[in-house]
Amino acid sequence: MVGVGEPGEGPGPREGLAQLGAPLPTFRWEQIRQHNLPGDKWLVIERRVYDISRWVQRHPGGSRLIGHHGAEDATDAFHAFHLDLNFVRKFLQPLLIGELAPEEPSQDGARNDQLVEDFRALRQAATDMKLFEAKPTFFALLLGHILAMEVLAWLIIYLLGPGWVPTTVATLIMALAQTQSWGLQHDLGHTSVFRKSGWNHLAQQFVMGQLKGFSAHWWNFRHFQHHAKPNIFYKDPDVTLAPVFLLGESSVEYGRKKRRYLPYNHQHLYFFLIGPPLLTLVNFEVENLAYMLVCLQWRDLLWAASFYARFFLSYIPFYSVSGVLLLYVAVRVLESHWFVWITQMNHIPKEIGHEKHRDWVSSQLATTCNVEPSRFISWFSGHLNFQIEHHLFPTMPRHNFHRVAPLVRAMCAKHGLTYEVKPFFTAMVDIVGSLKKSGNAWLKAYLQQ
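Residues numbered from 1 in each chain as written. Predicted model: local features only at pLDDT ≥ 70, side-chain atom pairs only at ≥ 80, totals over all residues. Heavy atoms only, no water.

Attention now goes to the layout of surface pockets. Taken as a whole, the largest pocket encloses approximately 1200 Å³ of empty space. Surrounding the largest pocket, 44 residues form its lining, His-59, Pro-60, Gly-61, His-82 and His-201 being those nearest its centre. At the level of secondary structure, the elements contributing two or more residues to the lining of the largest pocket comprise strand E3 (40-45), helix H3 (63-67), helix H4 (75-81), helix H5 (85-92), helix H9 (197-210) and helix H10 (216-228). In terms of residues, the lining of the largest pocket owes the most to one element, H10, which gives 5 residues. Empty space within the second largest pocket amounts to approximately 780 Å³. Among the elements that line the lining of the second largest pocket, the one with the most residues is helix H15 (residues 321-344), at 5 residues. Partitioned by chemical class, the residues of the lining of the second largest pocket number 19 nonpolar, 16 polar and 3 charged. (1 Å grid on protein atoms, 1.4 Å probe; cavity = no way out; pocket = protein on both sides within 12 Å on 5 of 7 lines; lining within 4 Å. Points joined across faces, edges and corners; volume = space filled by probe spheres on them. Helix = DSSP H or I, 4+ residues; strand = E, 2+ residues; numbered from the N terminus. Nonpolar A, V, L, I, M, F, W, Y, C, P; charged D, E, K, R; others polar.)

Once that is clear, we can look at a nonpolar patch on the surface. A cluster of nonpolar side chains, contributed by Val-244, Tyr-261, Leu-262, Leu-273, Ile-274, Leu-278, Val-282 and Val-286, occupies part of the molecular surface with about 690 Å² of accessible area. When residues of the nonpolar patch are traced back to their parent elements, those giving at least two are helix H12 (267-274) and helix H13 (279-294). Take Leu-262: its relative accessible area is 30%, and that puts it in the partly exposed class. (Patch = residues over 30% accessible without salt bridge, like charges linked within 9 Å, V, L, I, M, F, W, Y side chains within 5 Å. Areas by Shrake-Rupley, 256 points an atom, 1.4 Å probe, with all protein chains shown as cover. Salt bridge = Lys/Arg side-chain N within 4 Å of Asp/Glu carboxyl O. Buried < 20%, exposed > 50% of the residue type's maximum accessible area, 1.4 Å probe, protein only.)

Right, let's talk about the confidence of the model for the protein chain for a bit. Overall, the predicted model of the protein chain reaches an average pLDDT of 92, with 95% of residues at or above 70. Considering only residues more than four positions removed or in separate chains, one finds that residues 1-14, a stretch of pLDDT under 50, has 31 contacts. (pLDDT = per-residue confidence, 0-100. Contact = heavy atoms within 4.5 Å.)

Among the structural elements, Ser-181 can be located in helix H8 (residues 164-189). On the accessibility criterion, Ser-181 (0% relative accessible area) is buried. When near neighbours in sequence (up to four residues on either side) are disregarded, Ser-181 contacts Ile-146, Val-207, Leu-211 and Lys-212.

A full pass over the atoms with the stated rule returns 2 cavities of 30 Å³ or more. Put simply, the largest cavity is a space of about 170 Å³. What lines the largest cavity is a set of 19 residues, and nearest its centre among them are Lys-229, Arg-358, Asp-359, Trp-360 and Ser-363. Broken down by secondary-structure element, the contributors of at least two residues to the lining of the largest cavity are H4 and helix H16 (360-367). Classifying every residue of the lining of the largest cavity gives 5 nonpolar, 5 polar and 9 charged. Put simply, the second largest cavity is a space of about 60 Å³. The wall of the second largest cavity is formed by His-186, Asp-187, His-190, Ser-192, Gly-382, Leu-384, His-390, Pro-394, Met-396, Arg-398 and Phe-401. Considering only residue class, the lining of the second largest cavity consists of 4 nonpolar, 5 polar and 2 charged.

We now examine the packing of aromatic side chains. The way to describe two aromatic rings as a pair is by their centre distance and the angle between their planes. Here the structure, examined in full by the defined rule, presents 43 aromatic pairs. Ring centres of Tyr-254 and Tyr-264 lie 6.1 Å apart, and the angle between their planes is 90 degrees; this geometry places the pair in the edge-to-face category. Of the two residues, Tyr-254 is situated in helix H11 (residues 249-256) and Tyr-264 in the loop between H11 and H12; the sequence distance between them amounts to 10 residues. By relative accessible area, Tyr-264 is classed as buried at 0%. An aromatic cluster is built from Trp-182, Phe-214, Trp-218, Trp-219, Phe-284, Trp-338 and Phe-339, whose rings are joined through pairwise contacts. Across from the ring centre of Tyr-446, 5.8 Å away, lies the NZ or CZ of Lys-258, which sits over that ring. Between Arg-259 and the ring centre of Tyr-254, over which it is positioned, the NZ or CZ distance is 5.2 Å. (Phe/Tyr/Trp six-rings, centres within 6.5 Å; stacked < 30°, edge-to-face > 60°. Lys NZ or Arg CZ within 6 Å of the ring centre and 35° of its normal.)

Once that is clear, we can look at the packing of H9 against helix H14 (residues 298-315). Contact geometry of H9 with H14 gives a least axis separation of 7 Å together with a crossing angle of 45 degrees. The angle between the axes of H9 and H14 places the two elements in the oblique class. Listed contacts from H14 to Gln-205, Phe-206, Gly-209 and Gln-210 of H9 are Arg-299, Asp-300, Trp-303, Ala-304, Ser-306, Phe-307 and Arg-310. Looking at the contact of H9 with H14 residue by residue, the class counts come to 4 nonpolar, 4 polar and 3 charged. (Axes fitted to C-alpha atoms, helices over the stretch in contact; angles between N-to-C directions. Parallel < 35°, antiparallel > 145°, perpendicular 65-115°, else oblique.)

Time to look at the nonpolar core. The biggest cluster of nonpolar side chains holds 35 residues, and the ones touching the most others in it are Trp-182, Met-208, Trp-218, Phe-271, Met-345, Phe-424 and Ile-431. Mapped onto this core, the elements with two or more residues apiece are H10, H12, H13, H15 and helix H20 (424-447). Counting residues per element, this core draws most heavily on H20, at 7 residues. Beyond its immediate sequence surroundings of up to four residues, Ile-431 is in contact with Phe-271, Trp-341, Gln-344, Met-345, Ile-348 and Pro-349. Of all hydrophobic cores here, the second largest spans 26 residues; its members include Leu-65, Phe-81, Ala-126 and Ile-388. (Core = buried A, V, L, I, M, F, W, Y, C linked by side-chain atoms within 4.5 Å.)

This brings us to the packing of H12 against H20. Between H12 and H20, the least distance of the axes is 8 Å, while the angle of their chain directions is 130 degrees. It follows that H12 is oblique to H20 by the angle criterion. Every residue of H20 that contacts H12 at Gln-267, His-268, Phe-271 and Phe-272 is listed here: Ile-431, Val-432, Leu-435, Lys-436, Ser-438 and Gly-439. Split by residue class, the contact of H12 with H20 holds 5 nonpolar, 4 polar and 1 charged.

Time to look at the sheet that holds strand E4 (residues 48-51). Read from one edge to the other, the open sheet built from 5 strands follows the order E1-E5-E4-E3-E2, with strand pairing classed as mixed. Of all strands in the sheet, those bounded by a partner on one side alone are strand E1 (26-27) and strand E2 (36-37). Alignment of E1 against strand E5 (residues 96-100), held across 2 bridges, turns out to be parallel. Looking across to E5, one finds that Thr-26 is bridged to Glu-99. (Pairing = 2+ DSSP bridges.)

Here it is as structure tokens:
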């Protein structure tokens with residue numbers, strides 16, 4: 001075996017060792033930790049060390065997603081995000097530069113090795129139970145009822161006219177269709193519908209573009225980061241909300257630095273004015289368009305344009321141009337309320353802060369919780385009430401979450417980990433309570449001399 005590699009060694013001399021069959025250099029964690037810079041990133045998968053510095057920009061999931069795991073063991077994330085591991089390993093092979101030294105633990109830092117082992121056994125059990133196999137009928141019905149709602153909304157206006165009552169009913173139906181489209185594109189983005197990733201991505205572009213008017217690549221770019229590092233500042237876009245809202249550890253940090261851009265002790269109140277009403281209408285629209293233009297996602301831009309063309313051509317015969325715009329705004333505002341409350345009920349009240357470098361299981365459990373299931377809640381939330389299971393197994397079809405949940409709960413009980421399940425309305429109230437708590441923490445730190 002080759003001696004332990006020197007910390008300062010570059011990737012050049014070692015490239016191709018795996019292909020040539022030469023013995024692999026071995027590395028210690030203290031050496032690997034030095035390679036977590038923008039142009040110099042290593043990571044560990046299954047005890048093998050890879051130099052991803054030159055390849056990170058070509059990573060299909062985005063450079064940030066894989067870069068967030070720099071100088072870490074990414075084994076469980078690797079298994080969580082990829083369907084065909086053998087196919088993906090072909091891309092890893094040229095990046096292989098060594099392996100962990102025999103005396104080094106598989107995880108860096110204080111990790112629960114038994115928990116990691118039990119989780120991997122649980123994942124294998126779920127695979128043996130075929131819980132990663134989708135039911136085509138489930139997703140066909142899901143798409144069918146979305147399309148049916150879109151048609152029904154148009155028929156109401158066509159048959160009853162553009163009066164206040166028909167318009168209100170049609171708006172509610174269209175908003176509901178939009179919320180369910182979020183769920184379906186979310187499934188497709190996680191490649192949990194079709195066995196082939198390509199089919200999932202193509203279908204997601206249709207749902208996200210034609211049915212919603214957004215970019216699938218933009219969504220995956222930000223959402224996969226959320227899954228990789230939930231509730232971690234500057235790695236999870238969903239909680240990097242300062243200076244508009246302060247969450248978790250950022251509250252005290254802003255207070256100590258005497259930063260007061262807004263009255264954060266009242267953020268739980270102005271949240272109702274600019275949070276739920278405006279997220280998809282303003283923030284998402286601007287961010288989505290900027291992403292498509294900057295990243296030259298012309299196909300996504302055409303898909304999004306097809307949504308707006310369909311929407312305006314469908315309703316311009318019944319309303320003026322300003323009337324169609326108001327109808328669009330009304331749908332987006334209602335949809336935005338759903339998005340904020342449903343997607344944040346599992347995360348905002350949980351731990352939010354800087355990177356802790358936990359193992360995959362501990363990281364997901366510390367930052368997610370479930371909401372008590374019912375047929376209506378599971379449908380209405382797109383099965384995001386099973387957020388723990390979804391975060392542990394992102395590619396698992398959502399109709400199987402209830403089957404794996406008892407296994408996850410048992411694993412948590414064995415290791416003394418919290419498996420939190422809340423009533424639906426308690427989860428809603430906790431969002432506001434968490435904002436108020438963070439705001440008060442800011443004020444206390446701000447007033448301290």
